[in-house]
Amino acid sequence: MNIQIDFTLNGRAVSIDAPAHVTLLRLLRDYLNLTGTKEGCAIGECGACSVLLDGRVVNSCLVLAPQVSGRDVMTVEGLAPVEGAMSDLQAAFVKYGAVQCGYCTPGLVIAGEALLRDNHFPTRDEINDGIAGNLCRCTGYQQIVDAIEQTARQRAAAQVKE
Amino acid sequence: MNSFGYVRAGSIDEAVALLNTPGVNSRALAGGTDLMVAVRAGEAGSFDRVVDISTIPDLRGIAMVGSRARIGAATTFSEIMRSGLIQQHARFLADAAHSVRTMQITNMATLGGNVANAAAAADTPPVLVCLDAEAIIATPAGQQRMPVASLLRGHLKNTLPAGGLIVAFEFDPLSVDTRNTFLKLGRRNALTISRINMAATGRLQADGHIAEARLVAGACFSRPRRAREVEALLQGRLPSAALFAEAGQLLMRLMVQEVGQRWSTEYKALALAAMVEEALETVLPLPANETETVRSIGVKSVESMR
Ligand code: FES
Ligand code: FES
């Protein structure tokens, strides 16, 4: 049963026809060709499929595509200010060695972004809490926490200057 | 994955009508954190469509209604964690929601969904039972009230009237002199499922005797219920390490009586007794001279949420 889904994706209005029973993850990857969002477990345990729904981080493998009708979705592709560039958080992931195989990275960048929007001065514990839903098999997490922590500091410093 | 349709309900009345459309097998969808996993695993059974209730304004929010605290059924765990009202009047409910630990889940999972799904290891039902919370249920014949304790029937079984939809939960806020705690012994730190959890409240009289204690263990009995036998044992007594140990032993025996001996019983029983002691120490503080003794007692391997 197909259904028309109208929503905002990375700041742009999107209208797409898809079966009602597909997940948001499938909608993004298979119907909209946005393959930055990854599928790890498909049952809500790994966070690889994290996206922002109305600014809050969710597992897109547990969201039914038509549930986003009329709502705002942001994926990793939408984080950079201009296409082809990186956001400050993405750049920090690179700088602090937070990316190894990279499979978890889009989800972690999204979870990190959600955390930083909510909490401008997170402690390392709060960062750990904020990324508790994202599994990484490679890095051991410390570099990821470093990248998020440093981005928080940079943003705070930039705020002060303005 | 089986194919199904989708319809979004704009109001409670519309949701009830959609859920009860003759000839259409409908399933309520709120946060989806349980349903979508079940669908994926092929365990959701077959249905024709989901009725999305997650955006109905009347199903959301936390407020005092008269002297009662009311939480809309589609209120998310994150909203509960952030609510000043819950922090003040029933903090252990926020702790139970927080114990899920992952933002991706707490941002979607709803209180109503957690109760309706009725997983044995669910985190919030023991707290609601401990609060003697009532569920308000909309049915085609009108609204009705049911204690949460009688809504839960066993693992993944609820006693919701056919075509009924949980609309909200209501409970009396805890008095300022009532302490509360939520404990969880889980498989791992992050992610949902606990093997044993426990909600407890306690209040002392001015003279230090126990005015009231409530205790609910989740994932131990066939369904979460107040351990009245243990509560009766505590009532009117002075808090002491020996009394709490006795309470732990009693709950342990009750569990074995009810569910019988299983491969996991030996471990569960020990852990349960230790959790009872820890929960009671938190909600019924021992007189200062008793504190030393407690520290020297047996297994203390329970991970406390706070
Ligand atoms: S793919 Fe969604 S949480 Fe793992
Ligand atoms: S970098 Fe490989 S899983 Fe995280």
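The model shown is predicted, which means the values in this text are computed figures rather than measured ones.

Description of the nonpolar core
In terms of nonpolar packing, the biggest core is built from 74 residues, with A:I5, A:F7, B:F92, B:V148 and B:F169 touching the most fellow members. No other element matches helix 5 (residues 91-98) of chain B, which puts five residues into this core. Residue contacts for A:I5: discarding those within four places in its chain leaves A:V14, A:S15, A:I16, A:A18, A:L27, A:A65, A:P66, A:V68 and A:S69.

Some thoughts on the domain arrangement of chain A
Residues and elements named next belong to chain A. The domain architecture assigned to chain A consists of domain 1 (2-79) and domain 2 (88-161). Between the C-alpha centres of domain 1 and domain 2 there is a distance of 22 Å. Of the residues lining the interface, 17 residues belong to domain 1; the matching set on domain 2 comes to 14 residues. Here domain 1 and domain 2 share an interface that buries about 1200 Å² over both sides, 65% of which is from carbon and sulfur atoms. Its largest share of buried area at the contact with domain 2, domain 1 owes to L52, V76 and L79, together 34% of the area lost on that side. Where domain 1 packs against domain 2, one counts zero salt bridges. Counting across the interface, domain 1 meets domain 2 through four residue pairs in polar contact (both at pLDDT 80 or more). A per-element tally of the side of domain 1 that touches domain 2 places strand 3 (residues 50-53) first, with three residues. When grouped by side-chain class, the residues that make up the side of domain 1 that touches domain 2 number eight nonpolar, five polar and four charged.

A short note on the sheet that holds strand 1 (residues 2-9) of chain A
Residues and elements named next belong to chain A. The sheet built from five strands is open, its strands ordered 2-1-5-3-4 with mixed pairing. Where the open sheet ends on each side, the last strands, each with one partner, are strand 2 (12-19) and strand 4 (56-59). Mean inter-strand twist for the sheet, computed between neighbouring axes without regard to direction, equals 40°. Here helix 1 (residues 24-31) sits on the sheet in contact with strand 1, strand 2 and strand 3, set at roughly 100° to strand 2. Where helix 3 (residues 105-118) meets the sheet, its contacts fall on strand 3, strand 4 and strand 5 (72-74), and the angle it forms with strand 3 comes to roughly 35°.

Details of the packing of helix 2 (residues 88-95) of chain A against helix 3 of chain A
Residue and element names in this part refer to chain A. Helix 3 packs onto helix 2 with a crossing angle of 125° between their chain directions and a minimal axis gap of 10 Å. The angle between the axes of helix 2 and helix 3 places the two elements in the oblique class. Seen along the crossing, helix 2 lies across helix 3 with a hand that is right-handed. For the pair helix 2 and helix 3, the contacting residues are L89, Q90 and F93 in the first and T105, L108, V109, G112, E113 and L116 in the second.

Looking at the packing of helix 3 of chain A against helix 5 (residues 142-161) of chain A
To characterise two packed helices, one gives the angle between the axes of the helices and the distance between these axes. Residues and elements named next belong to chain A. Here helix 3 crosses helix 5 at 40°, and the two axes come no closer than 11 Å. One finds that helix 3 runs oblique with respect to helix 5. Here the hand of the crossing between helix 3 and helix 5 comes out right-handed. Residues L108, G112, E113, L115 and L116 of helix 3 form the contact with helix 5, whose own contacting residues are I144, I148, T151, A152 and R155. When the residues that make up the contact of helix 3 with helix 5 are grouped by side-chain class, the tally is six nonpolar, two polar and two charged.

Quick word on the pattern of salt bridges
Inspection of the entire model under this criterion finds 29 salt bridges over all chains. We note a salt bridge from A:R124 to A:D146, for which the minimum N-O separation is 2.9 Å. Here A:R124 is found in helix 4 (residues 124-130), whereas its partner A:D146 is found in helix 5, with 22 residues between them in sequence. B:R91 serves as the salt-bridge partner of B:D95, at 3.5 Å between the closest nitrogen and oxygen. Of this pair, B:D95 and B:R91 both sit in helix 5, four residues apart, roughly one helical turn. Look at the salt bridges and you will find they share partners, linking B:R68, B:R70, B:E134, B:R145, B:E170 and B:D172 into a network.

Digging into empty space enclosed by the protein
Residues and elements named next belong to chain B. Tallying each qualifying case throughout the model produces three cavities of 30 Å³ or more. Looking at the largest cavity, it is lined by 16 residues, and the ones nearest its centre are A118, A119, A120, R223 and P224. When residues of the lining of the largest cavity are traced back to their parent elements, those giving at least two are helix 8 (124-130) and strand 8 (152-154). With three residues, strand 8 is the single largest residue contributor to the lining of the largest cavity. When grouped by side-chain class, the residues that make up the lining of the largest cavity number 10 nonpolar, four polar and two charged. Among the domains, domain 1 (1-174) and domain 2 (179-305) are the pair contributing at least three residues each to the lining of the largest cavity.

Points about helix 11 (residues 241-259) of chain B
What sets the pattern is the α-helix's 3.6 residues per turn: residues three or four places apart point alike. Here helix 11 of chain B contains 19 residues, and its C-alpha end-to-end distance of 27 Å stays within 8% of the 27 Å for a straight helix at 1.5 Å per residue. Of the positions making up helix 11 of chain B, those classed as buried are B:A241, B:L243, B:F244, B:A247, B:G248, B:L250, B:L251, B:M252, B:L254 and B:M255.

Considerations on the interface of chain A and chain B
One widely used convention gives an interface's size as the accessible area the parts lose upon coming together. With 34 residues of chain A in contact, the opposing surface of chain B contributes 32 residues. With both chains or domains summed, chain A and chain B bury close to 2600 Å², and 60% of this area falls on carbon and sulfur atoms. On the chain A side of the interface with chain B, the three residues burying the most area are A:H21, A:L62 and A:Q67, jointly 24% of the side's total. On inspection of chain A and its partner chain B, the count reaches two salt bridges. In this structure, B:R82 engages A:D118 in a salt bridge whose closest nitrogen and oxygen atoms are separated by 3.1 Å. Partitioning the side of chain A that touches chain B into residue classes produces 17 nonpolar, 11 polar and six charged.

Conventions adopted
Residues numbered from 1 in each chain as written. Chains lettered and ligands numbered in written order. Predicted model: local features only at pLDDT ≥ 70, side-chain atom pairs only at ≥ 80, totals over all residues. Heavy atoms only, no water. Core = buried A, V, L, I, M, F, W, Y, C linked by side-chain atoms within 4.5 Å. Buried < 20%, exposed > 50% of the residue type's maximum accessible area, 1.4 Å probe, protein only. Helix = DSSP H or I, 4+ residues; strand = E, 2+ residues; numbered from the N terminus. Contact = heavy atoms within 4.5 Å. Domains from an automatic or database assignment. Buried area = accessible area lost by both parts, 1.4 Å probe. Salt bridge = Lys/Arg side-chain N within 4 Å of Asp/Glu carboxyl O. Polar contact = N/O pair within 3.5 Å; in protein donor to acceptor, adjacent residues only side chain to side chain. Nonpolar A, V, L, I, M, F, W, Y, C, P; charged D, E, K, R; others polar. Pairing = 2+ DSSP bridges. Axes fitted to C-alpha atoms, helices over the stretch in contact; angles between N-to-C directions. Parallel < 35°, antiparallel > 145°, perpendicular 65-115°, else oblique. Left-handed = near helix turned anticlockwise from the far one by under 90°. 1 Å grid on protein atoms, 1.4 Å probe; cavity = no way out; pocket = protein on both sides within 12 Å on 5 of 7 lines; lining within 4 Å. Points joined across faces, edges and corners; volume = space filled by probe spheres on them. Expected span 1.5 Å × (residues − 1).

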